[in-house]
Amino acid sequence: MPEWYGPYGGSYVPETLVPALKELELVWKSARRDPEFRSRFQDLARDWGGRPTPLYFAERLTREVGGAEIYLKREDLVHGGAHKLNNALGQGLLALRLGKRRLIAETGAGQHGVATAMIGAKLGLSTEVYMGAADMERQKPNVLRMRLLGATVRPVTQGQQTLKEAINEALRDWIANVQDTHYLLGSAVGPHPFPSLVADFQSVIGRELRRQSRARWGRDPDLVLACVGGGSNAIGTFHPLLRGPARLVGVEARGSGEPSGWGAASLVRGSVGVLHGMRTYLLQDEEGQILPTQSVSAGLDYAGVGPEHAWLKDSGRVEYTSATDREALEAFHRLARTEGILPALEPSHALAVALQRATTLPRDQHVVVTLSGRGDKDLAEVERFGPPR
Ligand SMILES: *Cc1c(COP(=O)(O)O)cnc(C)c1O
């Protein structure tokens, strides 16, 4: 369980949190070796969460694009509609083991808040979710879902009123209430052990994918793409494939694509600094102030990124690129009309790049996109942009 990924990662937190982070790491290490914990986790993931998720051949889309075969790893079919549950389930069980009775979480698109509210209800833990007021406005259905699941949603009105501020508030709450509260962090970001712990729980995506692709065509995929916000669905997809031959591509949000702004593409466009307890790539000015971010997808709208991605970028093992709002929306409509699937706007960014690459590849190659979530939460946002061109 590395704390450092090359020069990235670490644990830049106030002293009050140090014992809680140490305790979390110890409890997690013992839980991983405990057969009872593992079988509880696996049973819930299967019967309550809907795992394993299918690896789906998008045949009509492939024919239309005319190149390599395109497959989707269907995390949109996980209970709640996104990959977020893989991590929320694992951390919820860890919170019980820690003897904590209260969960707090931050959320951007609302998917992590919903996943936390679901596991909070399932395990009988009281749940409070911090969410930027701007995100509450553009992700209303998820706010309602959280409330119906019994969680309290706390609007955050500081700054840009999106994910960064919600994490700040959740950290503040945790510092004040660390005795009885577990902070159920939603992505592979933050202080150690969160980046490696979240990657561990999300690696079920890549393990299933590797098994499914070997069963289906006898080897690993040739090209695998996932969108990168904080980086949890991408790191969970990539981890089990890192030692293999697959080319791996992480796709960030470039927002409107205007040259003056870079959306939320912290790996493609950022520089190294410290935020939310970790050293990583950030979108910041020369004085280290975090820059405003912009993306049509609330789930990718974050100025930082998980430290392991920073290291994978420097090492060259994973390629990082970006897609604009418009490119993501075109991919969204294309998938809806060829395959009958409404994807979330976040993985639509990865899909956009996958479509560009697939046309250039021979037909006997296999391209896999992690479809991290379903699009129901985004319908109002999609409508705002108007019909496809
Ligand atoms: C939250 C979310 C993301 C972005 O988070 P990562 O930690 O980068 O995976 C991507 N897709 C969906 C559907 C999400 O809900």
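Scroll up for the structure.
A.B. asks: I would appreciate a short explanation of the sheet that holds strand β5 (residues 102-107) in the present structure.
C.D. replies: Within a sheet, each strand pairs with its neighbour through backbone hydrogen bonds, oriented either parallel or antiparallel. Spatial strand order, β7-β6-β5-β8: 4 strands in an open sheet with parallel pairing. Of all the strands in the sheet, the pair left with one neighbour each is β7 (152-156) and β8 (181-183). Geometrically, the sheet is characterised by an average inter-axis angle of 25 degrees between neighbouring strands, direction not taken into account. With 3 bridges connecting them, β5 and β8 associate as parallel partners. Its bridge partner lying in β8, Leu103 is registered against His182.

A.B. asks: Help me out: how do you make sense of the pattern of salt bridges in this one?
C.D. replies: A pair can form between side chains of opposite charge whenever their charged atoms are brought close. Evaluation of the coordinates by the stated rule reveals 26 salt bridges. Arg32 is paired through a salt bridge with Asp200; the nearest N and O atoms lie 2.7 Å apart. One end of the pair, Arg32, is in helix α1 (residues 18-33); the other, Asp200, is in helix α9 (residues 194-202), and 168 residues separate them in sequence. Of the residues examined, Arg32 reaches a relative accessible area of 34% and is grouped as partly exposed. Of the residues examined, Asp200 reaches a relative accessible area of 18% and is grouped as buried.

A.B. asks: Explain unusual backbone geometry to me, please; I cannot follow it from the model alone.
C.D. replies: Keep in mind that most residues, glycine aside, have a negative phi and that most peptide bonds are trans. The omega torsion of the bond from Arg51 to Pro52 falls at -5 degrees, within 30 degrees of zero and hence cis. When you line up the elements, Pro52 lands in the loop between α2 (35-47) and β3 (55-57). Of the consecutive residues His192 and Pro193, the connecting peptide bond is found in the cis state with omega at 10 degrees. When you line up the elements, Pro193 lands in the loop between β8 and α9. Backbone geometry at Gln161 places phi at a positive 60 degrees, although glycine is not the residue there. Tracing the chain through its elements places Gln161 in the loop between β7 and α8 (163-177). Residue class for Gln161 comes out partly exposed when judged on its relative accessible area of 25%.

Here is what the cut-offs are and how they apply
Residues numbered from 1 in each chain as written. Predicted model: local features only at pLDDT ≥ 70, side-chain atom pairs only at ≥ 80, totals over all residues. Heavy atoms only, no water. Pairing = 2+ DSSP bridges. Helix = DSSP H or I, 4+ residues; strand = E, 2+ residues; numbered from the N terminus. Axes fitted to C-alpha atoms, helices over the stretch in contact; angles between N-to-C directions. Salt bridge = Lys/Arg side-chain N within 4 Å of Asp/Glu carboxyl O. Buried < 20%, exposed > 50% of the residue type's maximum accessible area, 1.4 Å probe, protein only.

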